[in-house]
Amino acid sequence: MSRATPSWLLLLALLSTTFNSSTLAFFARSPLPANTPNNNLVSVVNSSTSKMTLSSSSNGSANAANSNGRRVYQNIPKQETKLHHLHQKYGPQSSDGTGIKIAIMDTGCDLSAAGLSGTCSDGNTPKYIDFIDCTGDGDVDMSTAKVVKFDYTKNGTTIQGLSGRNITMGEWAKDVSELKLAAVRLYELLPRSVARRVKKERREVFMVKHMALLSKTQLQLDELNQSKNNSGDEEEKDEKDVVEKKKKELKLLLEQLTSIKESYDEDSGPLMDILMFQDNNDGGVWKAVLDTHATGDLTNSIPMAPFGHARQVGELGFGSHVTFCIQVYDEGKTLSIVTDAGSHGTHVAGIAASYFAPREDGEDENEEGKKKTKKKSSDNLNGVAPGAQILALKIGDGRLGSSETGTGLIRGLIAAKKYGCDLVNLSYGEPSWQPDSGRVSEVFAKAFNDWGMTVFTSAGNDGPALSSLGSPGSLTSVVTVGAWVSPEMAVEQYSTLPPSSPDSPLKASSYYFSSRGPTPDGFMPDVCGPGGAVAPVPRASLQGKAQYHGTSMSSPNVGGVAACVLSAVRQNGVKDCGPNELKRALKNSAVISGVADPFSQGSGLVSALDCAEYIIKNHGKEGQSIAIDVSIPSRNNARGLYIRDEIELDGPMEFSVLVNPKFSHSNTRTSSELDELLSLELHLSLKSSEEWVTCPESMTLLSAKERNGQSFSVRLDTQSLKPGVHYASVHAVESSDEQRGPLFSVPITVIVPHSRFVSNNTPKFLLNDSSDESIELNDNGLDLTTTFLLEQGVPNRRFITVPIGAEWATIKLKSTEATTGGAAPRILLHAIPFVRGDMHNKECQLKRLFVVKEGVEEEYHVRVKGGSSLEVCLQLLWLANPSPALVTANIEFHSLNIRSPTLPTLMSSQPITITPSSEFARLGAGSPLRAEQLNPECKLKSILRTLRPSSVDITLGSAERDSEPPSDAELASNADEEPSQIYEMRLSYTLKVEGDKPVEVTPSFPSLFNQLYDSPVDSQIWSLQDKNAKMITYGSSMHHASSTSLKKGDYTVSLLLRHPNRSTLEQIKDIPCEVSMKMPAPLSCNLYSELDKASTPTVKDDGRKPIEKKLLSKGSHQDIYVARPTDALPSWVAPGDVLQGALVLDKDKEAVSSMKVIYIAPPKSTAKDGDDDKSKAKAKEDSLEDVVFKAKLGHLAGLRTKNVTVYNEIITTLKDERPDSVPLLTEMLTFALEGTLPDGETDSEDQVRLAEVEKVYNQSLTENGGPIDPLALAQYFGLNEPDKDELDTDDEAKELNKGMKEKRDALRKIILERASLCGVVADKDSAEVSRFDNAVKELKQWSNLESLKDEDEKIKLTITLARHARICQEKKALAMSLLLKAKKDLSSGKNLKQLDEELLTLVDAVDGMAHVKENLNEGLSYRYPVFKRSV
């Protein structure tokens, strides 16, 4: 087959026809919800129709065929990119990627996945080079691990792990002398989807066991109910009492078991022990053993070394089927347990380079008549480059649901360089604010320009509207790949219906969702590739392969093509084809195929053979391997020209273009590098693709170091352009070698709004000759009506200049065709109201999928900005029905004239603010465009609290993972050049949650939020922990974390920031943390039209009325005063907290008529009603003796465990001074519980402390000279306690009441502590049961849960009563009910853990509850971690 024409020449021809809204095509990687981190992963459900096979391609792509002349089905599209032509010319073994290393920066890979677990196509080279977790989410800090000296011959085979299990080791531990012990929870290692499945399966197992226990208990109760007693009267009565007690106990047990079943919502997952040691028999390599089944039996375990050492792969248990390997860093300080964070990375790796060995296919006879096994080729199953090796780099952080982080990205690029990778694939992306800025972008530029690695990245899945390209696809130093689909792919992968008419065949085109250029500064994608594939996925997904589509799939396909090309050209003498040369070759050899669309396809579809031949032919030519940057100085150094708004069309249309060759040289330039600068002299012809673009005929390009580049000018003549989007480019080709293609290009995009062609005098304009499409100005001279003819693969666009003052547009869509009985067309609406500055499309766009139904009008609203061009793009979805559709859109413009015209989004930085000292905020609404409905309300829904760091720690990062290598040029100049190491800063913030009810909390760091590739720091990730170091949630620089319900207590937010400059980190160490706390119920702010009402918001009895629903006639005005809320703020709101909500001007159009409102909480009022002299009790001043006594008492606390002798001397003195002192009694009780035990004691600690508490109790009684008379207390509180009014008027009664309460509380505390210790002792010694029983009887006389205020005292009381029920009354069900109720009701005590421990003891004593015990144990290790993690 003849060689295809290079795309740049085709573009010159194709672009002579204007690319308007009906000739541009779109397709993409399918979208996920905005908060999905790996948002280019989508599984497709095919329509239930028979597969159609096409024998030839209608789009000009070459196809391999079988003996029947039909295309050979490909799991992974390869024929579209002409790989078979490359293999035919250079041989499959020489052009299948052999010798090429591809780094897959993604969610990580399954090391046992089909097609990836073996070798490359040579049958010898391992497929995986290594598997590295770059995120740190599998890191276990072994520097804090417990170190145990170990002697196998002396200690035996058993050791206690951190989980509390006894760990039994095998023969592998014979020569181990020292062990590091750690632990990790299973769910910390599993991908979220797998964790959900495992939790579901474990829940089902739990429920089966629990229902069996319920049934067994019910059966026991039924048997008792049915039993009959025929004994004598007295015996019958006694036995009946016993039976009734058993029945009551069983009924209560059934209630508790049912409660456990109904409240089962927490599966914390197994805690797995880790043992790590240095194997001196294997070169001192660090090895680890992970108890993957959490049984403690490691007898047959095989210690794992880092993957690169022995290529060992393990599998996590509990039905997860997740494979893992390990890495050890920094001399054993960090163990990394490496798992994948999702299926995406395995699928991407499979597309790029999977290899399936030929399969056996029966037997055959050779020439000698001997039988031999036939092999059936698996080429149709293989990835694009089966000969290439894969370096699996996990950059999707499992803690963040597989979102990428700067840490992962930068470590990934460093690792790729360390392992000598030629190519890097990154099928990830986020919205782009400012391309080519920020630390991560800088490292991508280093990787491409200085480290010699070609980075391929997905364009994104946010099309089909223009300017939807995100990062890293918007970066200069990558190869950005859009997603493209051929007719054959549509049929084979999606079972697309055949066209209804043979005159309208399926067309090759971009996927509808493929993100489009230009960026705000005019930059475009580079190329496109097949965007769908059936490829391997992890075994943990319980399927071998899956069909995904997206630009995530097109990028590894093109990367695989590049690997094949590189292997071919290396076999033909080109050993040093670098990133710039390869990128230029891919672009200049790409072909236009099907529906052309430069905004998604760039230069076109990659062509393997053409690319290889281009490299071989042009390698070594001057300037071929250097990057040449293009910028427009007058447009903020934009990388292209992008004229979008109508006002620009009437301005100057002549622009200076700055051209700057880029050289990667050492810091001290070598003589050869100087020669490269001096010798650069390229005589270039400048060619414009369109007549409306004028450029000079030629230029001579030099290194231009002295002038920082060379310039030429271009002139645009836009006056004659038709409505729609127009694309052109200025190519610079070598004058004597034009076939070489462009050495650089200037992309030019001009939008001529369709609304420009209609007016009151000419209200209607036809957009095509058949009159199917038109645009019409409505009678009001404001709104527009336009028709769209939608065809498969072609996005249809309208550009409308938004009237000045408009704030939102209403788009009404309906079909103009009668339903014919076929499937209703599914259409994607994508509207982008403006493209300016650093605000990416996701901040302002409207995106809706709808089904066209006859007679049904769909209505949508989008915020707009006056004077900007609103793009309304409709795309017909083709998967099930590619038939054309005709749709009419009515576009109305509205305004209440209330917003800042420069910041139209809801969450702008200019909210309506009510300050602490003001009672209201003022604004005005109007209706400049048309009559508008005003139906306002204002509600505050959350509270923002700002925290400052309480601690900071700056350290060097990992020497092995966080060292940026010098450039290749620098190393060539100085082989001893040291890498630069990255610093880490960890900040801690203290968060106190108050209030009786849980609060929904979301931490964030607004100053760095929504910045990743363009962030000023390498990375940010934060964690939220409670006071026990339980990890609650994580968050990052992108995507708000889900809110977390927190109970009253203290919490810590920990933030990790990274940067290579320590000084930079030190200067931002005070970065604030913002915590959003959802209010229990929204607070309303009244809206008034009169100032006097708003300035006195608390007045309610003057007949005032807030603004109600009304119609504002065109041109009218309405004053609006937003009054502060008058309802009480939550008690935990502190001065300076910011209450946040929204003012909605029309409740029927909330999405487009809302404005952010904030109210800064003022100081709380301290004013009181009544006479201060009467309302304040007279304060009693302490005497000198009182002050001295209190000082001595306070000094005792520091002596409890330090100097018992001195402590007892002071106690004796104080008792003599004031034997009636209750505070002294309380101190004595504390010493009895916490003080140093006397020497020589033979009893247990609990018995000794019980004896000491008994002493305190006896000394407290008045009969023994103490201050407490229990009988007097009982009489006072039972009969004589005065009421509140009496206390308010009688100071002596008030003082007496205070003293009596102090004595009562002290007595309660002493009796509670005595009973608690009696229970502990009785649990170990049955002889103490009677004593325990008596202690509890007295305890019940003085205390119950309602009488205690302290949560820890309530916990102790509950445990004591539960223990009493279990030991003294043999009522385990009663004990269980007490403990379960307390677990539900109590939340903030320091000793909550003791409730779980007591419940575990109880459950262990009940038959059939092993599954409950296991669940409780796992929950205990989760809430009170024995091995703590940090960011």
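What you see as residue numbers is a count from 1 along each chain, following the sequence as written. Local features are withheld for residues below a pLDDT of 70 in this predicted model, meaning they are given only at 70 or higher, and side-chain atom pairs are given and counted only at 80 or more; totals for whole chains, interfaces and linings count all residues. Just so you know, side-chain values use all the structure's heavy atoms and leave hydrogens and water out.

Caption draft 1: Seen up close, empty space enclosed by the protein. Think of a 1 Å grid over the protein atoms and nothing else: a 1.4 Å probe that fits but is trapped marks a cavity, an open set flanked by protein within 12 Å on at least five of seven lines marks a pocket, and residues with an atom within 4 Å of a point count as lining. Grid points are joined across faces, edges and corners, and a volume is the space filled by probe spheres set on the points. Tallied over the full model, the rule gives six cavities of 30 Å³ or more. Approximately 140 Å³ is the volume found for the largest cavity. Lining the largest cavity are 20 residues, and of these Ser 432, Ser 467, Leu 469, Pro 520 and His 840 lie nearest its centre. Side-chain classes follow a simple rule in which Ala, Val, Leu, Ile, Met, Phe, Trp, Tyr, Cys and Pro form the nonpolar group, Asp, Glu, Lys and Arg form the charged group, and the remainder, Gly included, forms the polar group. By residue class, the composition of the lining of the largest cavity is ten nonpolar, eight polar and two charged. The volume enclosed by the second largest cavity comes to roughly 50 Å³.

Caption draft 2: Seen up close, a negative patch on the surface. Together, Asp 1283, Asp 1285, Glu 1286, Asp 1290, Asp 1291, Glu 1292 and Glu 1295 make up a region of like negative charge exposed at the surface. The helix count covers DSSP runs of H or I at least four residues long, the strand count covers runs of E at least two residues long, and both are numbered beginning at the N terminus. The set of elements that each furnish at least two residues to the negative patch consists of helix H26 (1284-1289) and helix H27 (1291-1324). The element best represented in the negative patch is H27, accounting for three residues. Its place among the elements puts Asp 1283 in the loop between helix H25 (1270-1280) and H26. Three exposure classes are used, based on accessible area relative to the maximum for each residue type with a 1.4 Å probe and protein chains only: buried under 20%, partly exposed in between, and exposed over 50%. Judged by relative accessible area, which is 47%, Asp 1283 ranks as partly exposed. In this analysis, a patch consists of residues with relative accessible area above 30% that form no salt bridge, clustered at 9 Å for like charges and at 5 Å for the nonpolar side chains Val, Leu, Ile, Met, Phe, Trp and Tyr. Residue burial considers only the protein chains on display, and all accessible areas are found by Shrake-Rupley using a 1.4 Å probe. Here, a salt bridge means any Lys or Arg side-chain nitrogen found within 4 Å of an Asp or Glu carboxyl oxygen. Counted as positive: Lys and Arg. Counted as negative: Asp and Glu. His and the chain ends are not counted at all. Every charge is mapped onto a representative atom, which is NZ of Lys, CZ of Arg, CG of Asp or CD of Glu.

Caption draft 3: Quick look at the nonpolar core. Ranked by internal contacts, the top residues of the largest apolar core, which has 60 residues, are Leu 86, Leu 423, Phe 456, Leu 582 and Ile 615. Examining the composition of this core, we find that ten residues originate from one element, helix H11 (residues 551-571), more than from any other. Contacts were defined at the residue level, with two residues in contact if any of their heavy atoms lie within 4.5 Å. Beyond its immediate chain neighbours, meaning those up to four positions away, Phe 456 contacts Leu 423, Val 424, Asn 425, Leu 426, Val 479, Val 481, Ser 555, Val 558, Gly 559, Ala 562, Leu 582 and Leu 586. Buried Ala, Val, Leu, Ile, Met, Phe, Trp, Tyr and Cys residues that are joined via side-chain atoms within 4.5 Å together make up what is termed a nonpolar core. The next biggest cluster of nonpolar side chains, apart from the first, holds 55 residues, and it includes Ile 898, Ile 912, Ile 943 and Leu 1055.

Caption draft 4: Spatial organisation of the pairing of strand E38 (residues 796-801). Most of E38 sits out of view: five of its six residues are buried. Where E38 meets strand E43 (residues 869-876), six bridges bridge the pair, whose relative direction is antiparallel. The partner of Ile 800 across the bridge, within E43, is Leu 870. Pairing between two strands requires that DSSP report at least two bridges joining them.

Caption draft 5: Structural detail: unusual backbone geometry. Cis geometry is found at the peptide bond from Gly 463 to Pro 464, where omega equals 10 degrees. On the secondary structure map, Pro 464 appears in the loop between strand E20 (454-458) and strand E21 (479-485). Cis geometry is adopted by the peptide bond preceding Pro 518, which originates at Gly 517 and carries an omega value of -10 degrees. One non-glycine residue with positive phi stands out, namely Asp 436, at about 65 degrees.

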